[in-house]
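What follows is each chain in one-letter form.
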Amino acid sequence: MRNFLASLRLQKDNPTFLTAQFQALSSQIPILYVLLIINALAVAITHLQSAPLWLSCYIPVGLSIVCIFRLCWWETRGKDITAERAYRLMKVTIAGACILCVAFGGWAIALYRYGDAYQQGQIAYFLVVTGISCIFCLMHLPLAAVLTTVITFSAMVATFMFSGNPVFVATAVSGLFLILPFLRVIDSYFQNFVGLVRLTEELKQKRAEAEDLNLVNSRNALHDQLTGLANRRSFFLSLEQRLQKHPSRPPIIGILDLDGFKPVNDVFGHAAGDLVLKETARRFTALVGEEGIVSRLGGDEFGIIFPCSMTRQAIADLGQALCAAVRDPYEIPDGSVRVFGSCGIVYPDAGEYTAEDLYEKADFALYQVKSKRSSGVEFFSAEHEKILTQRHLIELELQAGDFARELKLDYQPIVELKSGRVVGYEALARWDSARFGRISPEAFIPAAERTAVIGRMTRILFAKALEALAIIPRHLKLSFNLSARDICDHETSMALLAMITRSGIDPRRIEFEITETALLSDFDTADEVISMLRAAGISIALDDFGTGYSSLSHIHRLGFDKLKIDKAFVMNFDRDARCMNITRSVANLCQNLGIASVAEGVESETIAEGLKAMGVRLAQGYHFSRPLPLELAIDYAARCDAAAAARNSLSA
Ligand code: C2E
Ligand code: CA
Ligand code: CA
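Residues numbered from 1 in each chain as written. Chains lettered and ligands numbered in written order. Predicted model: local features only at pLDDT ≥ 70, side-chain atom pairs only at ≥ 80, totals over all residues. Heavy atoms only, no water.

Per an unreviewed UniProt entry, the protein chain is named Diguanylate cyclase (GGDEF)-like protein, and its organism is Rhizobium esperanzae.

In structure tokens form, the structure reads like this:
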């Protein structure tokens with residue numbers, strides 16, 4: 001009941017509902033007018049003869065004209081209306097509906113006494129039909145529906161009750177009882193309507209939320225959240241779009257990479273690192289301008305699509321400006337930091353390219369700057385193209401090659417400097433491809449890593465190493481190089497261990513050489529694998545020490561058995577004081593930590609003597625022997641032993 005009474009009030013504070021209510025009404029009310037006009041005219045026509053003209057003609061025609069006006073008015077309303085106006089119009093509608101009801105009801109009752117029994121029956125029918133039409137057509141405006149129902153039914157009941165005709169009295173009484181169910185119908189319909197409007201509104205809200213979410217998602221999908229720049233995906237999409245749009249004018253792109261960003265992150269924390277990246281993004285965007293696109297490809301790598309109208313010289317200048325912009329100090333809460341930038345650029349001639357081609361070329365040029373250990377700008381050149389083509393050919397050949405037959409190992413003796421005796425060998429991979437002949441391991445090992453062939457290759461090579469160990473004299477060890485991927489892969493390391501067990505070779509005769517790059521990609525897995533291998537009795541050497549990160553914490557945490565001093569220092573030892581100092585420092589470091597050191601790349605007697613004086617125990621290099629086929633390597637060791645024995649007997 002309370003609900004019903006509440007629904008009679010217009011919900012002034014619910015604008016959405018008011019407009020929905022008004023719109024529903026505006027589609028129903030015209031029908032009501034049509035019904036009223038038809039019914040009234042039907043009554044008027046049958047009373048033309050019996051009732052005065054003003055009552056049977058003028059009044060119904062007048063009322064019908066009013067109804068037609070209202071009908072036209074409603075037909076033109078209701079599409080776009082404010083809640084406030086809807087509220088006002090509905091108030092007018094309630095009043096209007098009551099006035100019209102009173103007018104039609106009064107008119108019908110006035111006619112009542114002029115008709116015979118049939119005509120009086122028609123009046124009763126007119127009142128009931130009008131009442132029911134009002135109920136159905138005004139259901140969205142319950143107060144109007146209730147008032148019109150009450151007015152028409154009361155008019156009918158009052159008239160019939162006092163007619164003296166028992167049939168009419170009975171009709172009046174049953175009509176009286178009809179009001180209640182009708183009110184109930186109005187109420188339940190209106191409650192349903194309220195629910196429907198609420199649901200529609202909720203649905204609209206949900207759809208709007210979903211659209212917002214979609215917008216955010218698609219923004220996130222194409223933008224880097226930290227810097228607000230386009231992300232990697234967006235960079236490649238833009239490249240593809242440009243390639244499609246202007247196939248004859250491929251886009252000019254640059255890949256920029258920050259040098260020294262990682263230490264900023266490590267020392268000052270990620271918040272400082274984020275500040276540097278954001279500021280870099282700002283500096284790049286300002287320099288490249290509106291016509292180009294700056295993207296963050298990931299980490300500290302940025303991709304730039306230059307405006308295609310720029311000349312080669314202008315691009316070179318802009319590249320330099322971008323690198324210079326990176327060199328400016330960055331303000332962070334703890335002070336200021338400096339980083340450097342390198343840039344690889346591809347300025348493509350007309351031709352067919354994919355987005356990946358362009359990226360690979362720019363990235364290759366960048367790699368060239370970095371491998372020179374400098375920062376600056378490098379354009380992708382014809383020379384680079386040759387190397388890249390070779391790289392692709394090798395990658396292709398790697399998929400096709402019969403490794404088991406084409407791969408072999410050479411063995412470079414590792415010599416004890418003091419005694420001149422061979423203590424072991426380093427196994428070095430050789431690939432004699434059926435198509436290209438001998439390919440350097442420096443070319444095919446990285447290619448095998450890129451194409452994920454490395455695991456299979458390592459197993460094939462290691463099987464050959466184990467076969468060799470069965471022949472090599474028992475007092476000699478064998479060092480075997482593992483790639484970064486092998487050491488971060490449980491499957492390969494488990495396979496290697498299983499192979500050792502099957503071969504029956506003493507694991508203490510085996511040493512694995514790994515480089516620091518392996519530790520950078522996935523330290524935890526590398527740590528686990530190294531511990532497992534050491535637990536099995538295999539020793540682990542850190543290769544190329546001094547060229548990579550040369551982190552003391554790596555040596556400390558992973559407990560290496562040996563450090564191999566990189567040949568870049570050893571080879572230039574006698575010509576470059578810096579190289580000598582580094583070699584000496586590493587040798588001292590190893591002595592202090594109690595781990596062995598091996599100097600590689602010993603090419604002269606002077607260097608061998610110098611190393612010995614520094615306390616380096618082991619060495620390998622062309623001065624002693626180049627990498628040799630197995631039989632020759634074994635012969636070499638025997639000759640060294642014989643020479644050492646001869647020296648010993650002489651000195652004795
Ligand atoms: P690395 O492990 O540093 O191997 C030493 C490289 O220095 C070898 O080159 C060796 O031939 C060369 N070398 C030895 N003594 C001298 C010298 O006195 N002077 C000069 N200039 N060079 C010397 P190589 O055989 O071309 O191997 C190159 C690299 O390829 C190796 O560097 C290693 O990183 C990788 N590699 C070789 N074999 C394998 C392998 O079986 N598996 C894996 N994963 N990598 C391998
Ligand atoms: Ca090595
Ligand atoms: Ca090495």
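Student: Which parts of the structure should I look at to understand the environment of Ile293?
Tutor: Inspection of the secondary structure assignment puts Ile293 in strand S3 (residues 293-298). By relative accessible area, which is 19% here, Ile293 ends up buried. When neighbours within four sequence positions are excluded, Ile293 is seen to be in contact with Ala230, Ser238, Arg242, Val288, Gly303, Ile304 and Ile305. (Helix = DSSP H or I, 4+ residues; strand = E, 2+ residues; numbered from the N terminus. Buried < 20%, exposed > 50% of the residue type's maximum accessible area, 1.4 Å probe, protein only. Contact = heavy atoms within 4.5 Å.)

Student: Any chance you could explain the coordination of the calcium ion (ligand 2) here in plain terms?
Tutor: Put simply, a metal with four donors set out as a tetrahedron has ideal angles of 109.5 degrees, and one with six donors set out as an octahedron has ideal angles of 90 or 180 degrees. Taken together, Glu426 (OE), Asn481 (OD1), Glu513 (OE) and Asp543 (OD) make up the protein donors of the calcium ion (ligand 2), found 2.1 to 2.3 Å from the metal. Sequence spacing of the donors to the calcium ion (ligand 2): E-x54-N-x31-E-x29-D. The distance between the calcium ion (ligand 2) and the calcium ion (ligand 3) comes to 3.8 Å, and Asp543 binds to both of them. Of the two residues, Glu513 is situated in strand S13 (residues 510-514) and Asp543 in strand S14 (residues 539-545); the sequence distance between them amounts to 30 residues. Given the relative accessible area of 1%, Glu513 is considered buried. Judged by relative accessible area, which is 8%, Asp543 ranks as buried. (Donors = N, O, S within 2.8 Å, 3.2 Å for Na, K, Ca; no water.)

Student: I would appreciate a short explanation of the state of the cysteines in the present structure.
Tutor: Structurally, a disulfide amounts to a covalent bond that connects the sulfur atoms of two cysteines. Overall, the coordinates contain zero disulfides when judged by the stated rule. There is no disulfide at Cys137, and the cysteine sulfur nearest it, in Cys134, is 7.6 Å away. As a non-bridged cysteine, Cys343 has Cys323 as the owner of its nearest cysteine sulfur, 5.3 Å distant. The buried category is assigned to Cys343, whose relative accessible area is 0%. (Disulfide = S-S within 2.5 Å.)

Student: Mind showing me how you'd approach the coordination of the calcium ion (ligand 3) here?
Tutor: Protein coordination at the calcium ion (ligand 3): the donors are Asp543 (OD), Asp544 (OD), Glu600 (OE) and Glu600 (OE), at 2.2 to 2.6 Å from the metal. Mapping the donors of the calcium ion (ligand 3) onto the primary sequence yields the spacing D-D-x55-E. A relative accessible area of 25% means that Asp544 is categorised as partly exposed.

Student: What's the story with the domain arrangement of the protein chain in this structure? I'm lost.
Tutor: By a frequent convention, interface size equals the accessible area lost on bringing the separate parts together. Its domain assignment divides the protein chain into domain 1 (2-205), domain 2 (232-380) and domain 3 (407-651). Put simply, the middle of domain 1 and the middle of domain 2, counted by C-alpha atoms, are 75 Å apart. (Domains from an automatic or database assignment.)

Student: Where do I start with the packing of aromatic side chains in this structure?
Tutor: Two numbers describe a pair of aromatic rings. These are the distance of the centres and the angle of the planes. Scanning the model with the defined rule gives 18 aromatic pairs in all. Ring geometry for Tyr112 and Phe168: centres 6.0 Å apart, planes at 55 degrees, overall tilted. Here Tyr112, found in helix H4 (residues 83-112), pairs with Phe168, found in helix H7 (residues 166-222); they are 56 residues apart in sequence, far enough to count as distant. Taking relative accessible area as the criterion, Tyr112 reaches 11% and is therefore assigned buried. (Phe/Tyr/Trp six-rings, centres within 6.5 Å; stacked < 30°, edge-to-face > 60°.)

Student: Is there a simple way to explain the pairing of S3 in this structure?
Tutor: Taking burial as the measure, the six residues of S3 include five buried ones, the bulk of the element. Taken together, the two bridges between strand S1 (residues 230-231) and S3 define a ladder with parallel strand orientation. Bridge pairing in S3 links Asn231 to Arg296. Of the pairings in the sheet, the one linking S3 to strand S4 (residues 301-306) comprises five bridges and is antiparallel in character. Looking at the pairing, Val294 lines up with Ile304 of S4. Taken together, S3 and the strand that follows it, S4, pair antiparallel across an intervening segment of two residues, in which Gly299 is found at a positive phi of about 50 degrees. (Pairing = 2+ DSSP bridges.)

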